[in-house]
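Observations on chain architecture
Read off the chains here:
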Amino acid sequence: LPALIRKKRDGERLEEEEIQSFVRSVTEGTAQQGQIGAMLMAIRLRGMDAEETLALTRAMAASGRALAWPLPWQGLLVDKHSTGGVGDKVSLALAPALAACGCKVSGGVPGQADGGPRTHPAPTCPCLQVPMISGRGLGHTGGTLDKLEAIPGFCISQSPEQMRSILERVGCCIVGQSEELVPADRVLYGLRDVTATVDSLPLITGTGGHRGGTQARAGGGASASWHSPASILSKKAAERLSALVLDVKFGSAALYPTQESARELAHSLVAVGERLGIRTAAVLSRMDEPLGRCVGNSLEVLEALECLGGGGPPDLRELVTALGGLLLWQCGLAAAAEPGRERLGRALDDGSALRTFEAMLGAQGVPPDTAHRLCTGTPAQRCQVL
């Protein structure tokens with residue numbers, strides 16, 4: 001390990017086997033924290049090229065247990081990741097809306113691939129599966145899991161077997177990262193936070209570091225909400241996803257203040273995701289003000305419920321349908337992004353997305369009467385639940 005640290009410190013390129021050896025020592029606990037910190041700082045100062053970043057992502061994904069899914073789900077497993085923002089409750093509405101488009105729970109049937117009218121049920125109708133692995137708040141960014149835990153009884157800890165059972169019944173789940181999934185990421189992320197290497201620009205952009213290649217300049221004050229391509233995509237690779245959509249924020253409350261710098265990160269993430277065999281797309285969205293009208297765990301659940309019922313703030317609905325439309329297109333359930341967007345909107349408007357959300361709550365530990373009051377009650381009744 002000291003030889004690898006020295007090699008990167010001196011600006012040399014690490015081979016895939018060397019990166020695998022480093023990640024293995026992190027996972028097995030044979031690397032000292034000082035050594036891991038030294039390697040992170042060497043990467044921060046000397047950079048990693050695209051091949052090194054890809055090798056790191058693969059090694060981290062292989063550091064733990066990969067999720068296994070039934071063969072018929074192949075091509076229909078989707079997820080979304082956001083680089084963080086204020087008032088961002090998109091996941092709460094997007095996961096059940098996607099599952100509703102995939103025929104689970106609601107009994108609805110997808111429209112035709114061209115965005116046409118709904119047809120009668122067909123036994124061969126494909127079903128989307130949304131195994132969404134989310135996180136807690138970082139810095140000024142609210143966490144999806146924190147918001148869901150405002151709902152009494154909601155359990156974010158689900159084993160891979162429990163996740164599969166929930167997906168079979170509902171079509172979606174929103175859970176936290178388990179101890180078995182990408183353990184190397186948990187170690188490295190914690191040490192990046194205390195070694196001033198969170199803003200490692202070569203890892204963020206996935207391009208040549210200080211040996212050439214362009215680098216985006218991060219905005220100040222938002223680095224606590226940063227995730228590197230290796231951190232983001234290693235978890236998605238371990239999920240065995242078919243398609244992934246990324247919401248890359250730019251603006252005064254985002255890691256990247258300008259659209260141009262955020263675009264560079266988006267290109268890097270998409271390139272690495274595609275090379276991992278995941279159909280990957282990215283959307284750039286503005287974060288100069290909170291998304292929607294509400295900030296705070298319970299308040300954001302309430303606003304997500306409005307969106308799931310066909311209402312809510314226009315900017316929230318626009319982002320949910322844009323991201324969902326891309327995923328439906330990537331999985332072949334829509335001919336293009338726009339018909340996919342329209343279909344996602346119909347799931348919000350016809351009540352099927354809200355019913356799917358209620359089913360997901362029940363499957364993840366919320367008492368049925370609580371889930372029903374939350375999803376069907378008046379705003380005052382919903383406030384009493386949370």
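This is a predicted model, so every value here is computed, not measured.

**Here's the deal with the environment of Gln-162**
Looking at where Gln-162 falls in the secondary structure, it is placed in helix H7 (residues 160-169). Residue Gln-162 is classed as partly exposed on the basis of its relative accessible area of 38%. C-alpha separation for the pair Gln-162 and Ala-363, spaced 201 residues apart in sequence, amounts to 9.4 Å.

**Considering the nonpolar core**
Formed by 95 residues in total, the largest nonpolar core has its most connected members in Leu-98, Ile-151, Val-320, Phe-357 and Leu-361. For this core, the element with the highest residue contribution is helix H5 (residues 90-101), accounting for 10 residues. The residues contacting Leu-98, other than those within four sequence positions of it, are Val-78, Leu-128, Val-130, Gly-324, Leu-327, Leu-328 and Leu-344. Membership of the second largest hydrophobic core comes to 16 residues, among which are Leu-244, Val-248, Tyr-256 and Ala-266.

**A few points about unusual backbone geometry**
Phi is positive for Val-182, which is not a glycine, with a value near 45°. If you trace the backbone, Val-182 turns up in the loop between strand S3 (172-175) and helix H8 (183-194). Classification of Val-182 by relative accessible area gives buried; the value is 0%. Unusually for a residue other than glycine, Arg-240 sits at a positive phi of about 60°. Within the fold, Arg-240 resides in the loop between helix H10 (229-238) and strand S4 (243-250). Note on Arg-240: relative accessible area 49%, which makes it partly exposed.

**Examining helix H2 (residues 16-28)**
Between its first and last C-alpha, H2 extends 18 Å over 13 residues, near the 18 Å set by a 1.5 Å rise per residue. Considered for burial, the residues of H2 that qualify are Ile-19, Phe-22, Val-23, Ser-25 and Val-26. Projected down its long axis, H2 carries its buried residues within an arc of 155°, all on one side. Opposite the buried face of H2, by more than 90 degrees, sit the exposed residues Glu-17 and Glu-28. Packing partners of the buried residues in H2 comprise helix H1 (2-9), helix H3 (33-46), helix H4 (50-61) and H8. Two residues or fewer after H2 comes Gly-29, characterised by a positive phi angle close to 80°.

**As for the confidence of the model for the chain**
Fine structural detail should not be taken from predicted coordinates in areas where pLDDT scores are low. When pLDDT is averaged across the chain, the result is 85; 85% of the residues are at 70 or more. Below pLDDT 50 for its whole length, residues 103-125 participates in 52 contacts with residues either more than four positions away or in separate chains. Confidence drops under a pLDDT of 50 for residues 201-226, and excluding neighbours within four residues, the segment shows 89 contacts in the predicted structure.

What counts, and where the lines are drawn
- In every chain, residue numbers begin from 1 and rise along the written sequence.
- Thresholds applied to this predicted model are a pLDDT of at least 70 for local features of residues and 80 or more for the giving and counting of side-chain atom pairs; totals over whole chains, interfaces and linings are not thresholded and use all residues.
- As a rule here, side-chain values come from all non-hydrogen atoms in the structure, and water together with hydrogens is ignored.
- The secondary structure listing takes helices from DSSP runs of H or I that are at least 4 residues long and strands from runs of E that are at least 2 residues long, numbered from the N terminus.
- Throughout, exposure labels follow a simple rule: accessible area from a 1.4 Å probe, protein chains only, divided by the maximum for the residue type, with under 20% read as buried, over 50% as exposed, and the rest as partly exposed.
- Within this scheme, the nonpolar core is defined by two criteria: the residues are buried Ala, Val, Leu, Ile, Met, Phe, Trp, Tyr or Cys, and they are joined through side-chain atoms within 4.5 Å.
- When checking whether two residues touch, look at their non-hydrogen atoms; a contact exists if any pair is within 4.5 Å.
- Between the first and last residue of a helix there are one fewer steps than residues, each counted as 1.5 Å, and that sum is the expected span.
- To be clear, the arc concerns the directions from the helix axis to the C-beta atoms.
- pLDDT expresses how confident the predictor is about each individual residue, on a scale running from 0 to 100.

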